Each structure stands twice: as C-alpha cells, then as structure tokens.
Amino acid sequence: MGLKRTLGLFDAVSIGIGAIIGAGIFVVLGIATGYAGPAVIISMVIAAMVASFTALSFAEFSSAIPKEGGAYEFAYEAISPSVGFIVGCLWLFAQTVAGAAISLGFASYFVTMFPLFPPKIVAVLTTLTLTALNLVGIKQSATVNNLLVLTKIVILCLFVGVGVYQLNPYNYSQFAPNGLFGILQGAGFIYFAYLGFGRIATLGEEVKNPVRTLPLSILLALTTSTIIYVLTGFVATGLQDYRALAESGSPIADAAKVTGNLPLVTTISLGALIATASVLLTNLIGLSRVSFAMSRNEQIPKSIAKVHPKFRTPYVSILITGALMAILAFALDLSETAAITSFSILSTHAILNYAVIRLRKKTPNLKTFKAPMHPIVSLLGIFTCIALMLSLPMESWIVTAAVVMASIIYYRSRKR
C-alpha cells in the first residue's frame with residue numbers, strides 16, 4: 001500500500017519554513033553570537049549561501065527522484081546503496097539528537113512561563129503528543145504546522161517592527177570581535193538553523209506534482225527564512241550586548257526585555273514555544289520518512305515500512321523515532337548538540353552535492369530541474385560544507401566519525 005499525495009505548494013513551503021525557523025533563531029542565535037558578535041548577521045548570510053548550494057542540489061534531486069527519503073534516497077540511487085546507508089544513518093542520528101534537544105528547548109520556555117512543571121516530563125510529553133499527531137496523518141500534521149508557522153512569523157515580525165526603533169548603535173561597535181574565523185564559527189552553528197529545507201525532499205511521495213512543487217518549495221522556504229533570520233539577528237544584536245546574548249538560553253526574549261515592553265517579551269516567549277513545537281513536528285515527519293525509505297530498501301528491518309491501513313502513514317517508523325527521541329530528551333540539551341547536528345548534516349550535504357554530479361554523469365539526458373551553472377554550484381556546495389565543518393569543535397568530528405564507523409560495521413555484518 002502506497003502513500004497518498006495530499007500536500008500542495010503552500011503545505012510544502014510551510015513545512016520547510018516550519019523546520020527552519022525555530023530553535024535556530026530562538027536558541028542557537030545566542031551560541032552563534034558568542035563567536036561572531038553582531039557580525040552574526042554575516043554568519044547567517046554565509047550559512048544561507050552554503051545552504052542554497054545544497055538546496056539547489058536537493059531541488060534537482062527531488063524533481064528527478066520524487067521518493068520518500070530525501071538525501072538518503074538520492075545517495076542510494078546516484079552513488080551506491082552502501083553510501084546511501086551511511087548518509088541515512090548520519091541523517092537519522094543528527095535529526096534524532098536535534099529533535100530531543102529541541103523538545104528540551106520547548107520545555108525550558110514552557111517551564112519559564114509555567115514553573116510548576118518538570119522540564120524533562122514536559123519534553124517527553126511534547127514529543128509523544130506530536131508523535132501521535134504524525135500517526136493520524138500527514139495532512140493533519142501539515143494543517144497544524146501551517147498555523148504554527150504563520151503564527152511564529154507574525155511574532156518575529158512584531159519583534160523586528162517594535163525593536164528596530166530602539167536599537168543602540170553602541171552595540172554594533174565591536175562588530176566582529178573574533179574576526180573572520182569567529183564569523184565562520186558562527187556560520188557553522190547557525191547552519192543548524194537552516195537544516196529544514198531538506199526535510200521537504202523527504203516527502204517526495206506525498207506531494208502533488210512533485211517535479212514542480214518540490215524544487216520550488218525548497219527554494220521559497222530557504223529564501224523566506226533567510227530574510228527573517230537576518231532581520232531578527234540585526235535587531236537582537238542592536239537591542240542587547242552580544243556578550244549577554246551569548247550567555248542567554250532565550251536570546252530573543254532577553255533582547256525584547258530591553259524595550260521594556262512586557263507584552264512583547266511574553267509574546268516572544270510564546271513564539272519560542274510555537275517555533276520549537278513546529279520544528280519538532282516537522283523533525284518527526286522527516287525522521288519517520290527516512291527510516292521508512294531505508295526499510296523499504298531492506299537496509300533496516302522491513303517491518304518499519306508498514307503503512308497504516310486507515311491513516312496511510314508509516315506508523316511503525318513514526319512510533320520508533322518518536323520513542324527514541326523521547327528517551328534521548330532525558331540526557332541531551334540543545335547547546336551541546338548544535339555543533340554535532342550541524343557537522344553530521346554538513347557531511348550528508350557534502351555527499352549529496354557529489355551525488356548530484358554523479359547523477360548527471362549517469363543520466364545526462366534526464367529532464368529535471370537544473371540549477372544555474374549547476375556543475376559549479378555542486379562543487380561550491382561540497383567545498384563550502386567542508387569549510388564550515390572545519391570551523392566546528394573537534395567533539396563533533398569524533399562523534400560523527402563514530403556514527404559512520406558503527407554504520408559501516410552494521411552494514412557489512414548484515415551483508416554476510
């Protein structure tokens with residue numbers, strides 16, 4: 001039994017924006033500002049440029065291979081099943097860890113507003129609730145996500161609109177305190193905030209007219225999110241000293257406090273709850289679809305690919321990924337996992353850009369979306385991903401290497 005094509009262009013763009021705008025701008029902005037200072041807005045542009053190269057590769061792949069699984073499925077078909085398996089494992093690892101941390105981010109904002117609730121319990125209950133929503137159906141999940149996305153965009157626009165009139169020029173005086181390398185480090189962390197554009201490509205079998213809708217929705221989601229990010233970062237660093245933002249777990253709310261507008265601060269905190277819930281929702285959607293694709297290709301147990309007869313969703317993969325994320329929520333936090341998540345995803349994106357070059361060589365006459373100057377764009381995607389990887393801490397290299405080694409050992413053992 002196959003999946004049902006129910007998502008239009010607005011749904012797909014909304015899922016992408018919902019995945020991009022969330023923990024990155026509300027939490028990771030503080031971490032990145034600690035490295036880049038007010039020049040974090042340049043870090044945002046650099047990260048967006050790196051993401052755009054890979055987004056164009058995603059767009060080409062998603063129009064050529066409109067299947068569930070995103071980067072995993074693309075590497076599987078364009079390079080080899082073994083490389084596809086490693087990419088799939090890296091992607092699942094990064095997104096599961098990020099999802100657990102995001103649920104904790106949601107819990108921290110929630111407990112700030114309602115201090116009677118234990119943060120860990122809130123994180124787990126949030127994950128399980130959104131897992132249940134995913135079980136009911138992708139259209140229902142997309143409808144809820146559309147409302148969440150529109151709400152948090154309005155809240156961020158309100159923050160920019162109110163804050164821009166109270167900027168302190170002195171806060172920009174130390175624009176790039178750690179120089180170019182600090183800006184690149186900031187970009188490496190901020191890349192965490194742009195990961196959502198690839199999540200649209202994991203829904204290749206649930207989107208209407210995928211050859212047109214998938215590439216267009218990826219590029220629209222990335223462009224819209226970048227504009228919102230830069231405006232928000234510019235206002236936040238103009239309102240509050242960058243060193244205070246670097247120490248904050250809620251940088252946007254702390255920047256809003258400078259205005260003395262208590263309703264705005266409350267609204268921002270509410271926006272953070274909405275944003276993290278929206279990211280976690282789309283995170284669960286993408287995770288379950290990649291594991292579904294890997295199962296269908298018989299690289300992980302085939303029972304994971306079962307589709308619910310009533311809801312037409314991959315319910316086994318949804319339940320497994322939701323449960324793992326809930327368990328990890330007890331042990332992880334967003335600040336520690338941002339670098340690991342960024343590094344793992346940058347690794348898969350470097351491979352993806354190489355895969356699109358392979359695809360063109362294997363099928364030169366394939367009629368599909370092609371990026372302008374596509375050979376150069378793909379090479380730029382590879383090199384810029386590697387450059388950002390080099391700016392991230394050594395711990396992220398070690399953890400990602402361990403995941404790759406474990407994936408190789410598992411893959412070889414099951415082939416015997």
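Summarised in this report is the structure supplied together with it. Worth saying up front: this structure is predicted, and the values here are computed from it rather than measured.

With 113 residues, the main nonpolar core has Ile21, Phe26, Phe159, Tyr191, Tyr194, Phe197 and Ile268 as its most contacted residues. No other element matches the 16 residues that helix α12 (residues 262-296) contributes to this core. Residues within four places of isoleucine 268 in sequence aside, it is in contact with Phe26, Ile155, Phe159, Ile252, Ala253 and Ala256.

For the structure on display, the rule yields two salt bridges. In this structure, arginine 243 engages aspartate 241 in a salt bridge whose closest nitrogen and oxygen atoms are separated by 3.0 Å. In this structure, aspartate 254 engages lysine 257 in a salt bridge whose closest nitrogen and oxygen atoms are separated by 3.4 Å. Of this pair, aspartate 254 and lysine 257 are both found in helix α11 (residues 251-257), three residues apart, which corresponds to roughly one turn of the helix.

Here we take up the packing of helix α5 (residues 81-113) against helix α6 (residues 119-136). Packing of α5 against α6 brings their axes to within 8 Å, and their N-to-C directions diverge by 125°. Judged by the angle between their axes, α5 and α6 are oblique. The way α5 lies across α6 gives a crossing that is right-handed. In this structure, α5 uses Ser103, Leu104, Phe106, Ala107, Phe110 and Val111 to contact α6, whose residues at the interface are Pro119, Lys120, Val122, Ala123, Thr126 and Thr127.

Further remarks concern the layout of surface pockets. Within this model, the largest pocket holds a volume of roughly 390 Å³. For the lining of the largest pocket, the secondary structure elements donating two or more residues are α5, α12, α13 (315-328) and α16 (394-415). The element best represented in the lining of the largest pocket is α5, accounting for six residues.

The full count for this structure, using the stated rule, is four cavities of 30 Å³ or more. What the second largest cavity holds in volume is close to 60 Å³. Forming the boundary of the second largest cavity are Tyr170, Asn171, Ser173, Gln174, Asp241, Tyr242 and Arg243. The residue inventory of the lining of the second largest cavity, partitioned by class, reads two nonpolar, three polar and two charged.

Now for the packing of aromatic side chains. The relative placement of two aromatic rings is captured by the distance of their centres and the angle of their planes. The final tally for this structure, using the stated rule, is nine aromatic pairs. Look at tyrosine 172 and phenylalanine 234: their rings are 5.2 Å apart centre to centre, the planes differ by 15°, and that puts the pair in the stacked class. Separated by 62 residues along the polypeptide, tyrosine 172 in the loop between α7 (138-163) and α8 (179-190) and phenylalanine 234 in helix α9 (residues 210-239) bring together distant segments of the chain. You can call phenylalanine 234 partly exposed: its relative accessible area is 33%. Here phenylalanine 343 and tryptophan 397 contribute two aromatic rings whose centre-to-centre distance is 4.7 Å and whose plane-to-plane angle is 55°, an arrangement assigned as tilted.

The residue serine 378 is located in helix α15 (residues 374-390) in this model. A relative accessible area of 1% means that serine 378 is categorised as buried. Expressed as a C-alpha distance, the spacing of serine 378 and isoleucine 357, which sit 21 residues apart in the sequence, is 7.0 Å. Excluding residues within four positions of it along the chain, serine 378 makes contact with Ser57, Asn353, Val356, Ile357 and Arg360.

Conventions used here
Residues numbered from 1 in each chain as written. Predicted model: local features only at pLDDT ≥ 70, side-chain atom pairs only at ≥ 80, totals over all residues. Heavy atoms only, no water. Core = buried A, V, L, I, M, F, W, Y, C linked by side-chain atoms within 4.5 Å. Buried < 20%, exposed > 50% of the residue type's maximum accessible area, 1.4 Å probe, protein only. Helix = DSSP H or I, 4+ residues; strand = E, 2+ residues; numbered from the N terminus. Contact = heavy atoms within 4.5 Å. Salt bridge = Lys/Arg side-chain N within 4 Å of Asp/Glu carboxyl O. Axes fitted to C-alpha atoms, helices over the stretch in contact; angles between N-to-C directions. Parallel < 35°, antiparallel > 145°, perpendicular 65-115°, else oblique. Left-handed = near helix turned anticlockwise from the far one by under 90°. 1 Å grid on protein atoms, 1.4 Å probe; cavity = no way out; pocket = protein on both sides within 12 Å on 5 of 7 lines; lining within 4 Å. Points joined across faces, edges and corners; volume = space filled by probe spheres on them. Nonpolar A, V, L, I, M, F, W, Y, C, P; charged D, E, K, R; others polar. Phe/Tyr/Trp six-rings, centres within 6.5 Å; stacked < 30°, edge-to-face > 60°.

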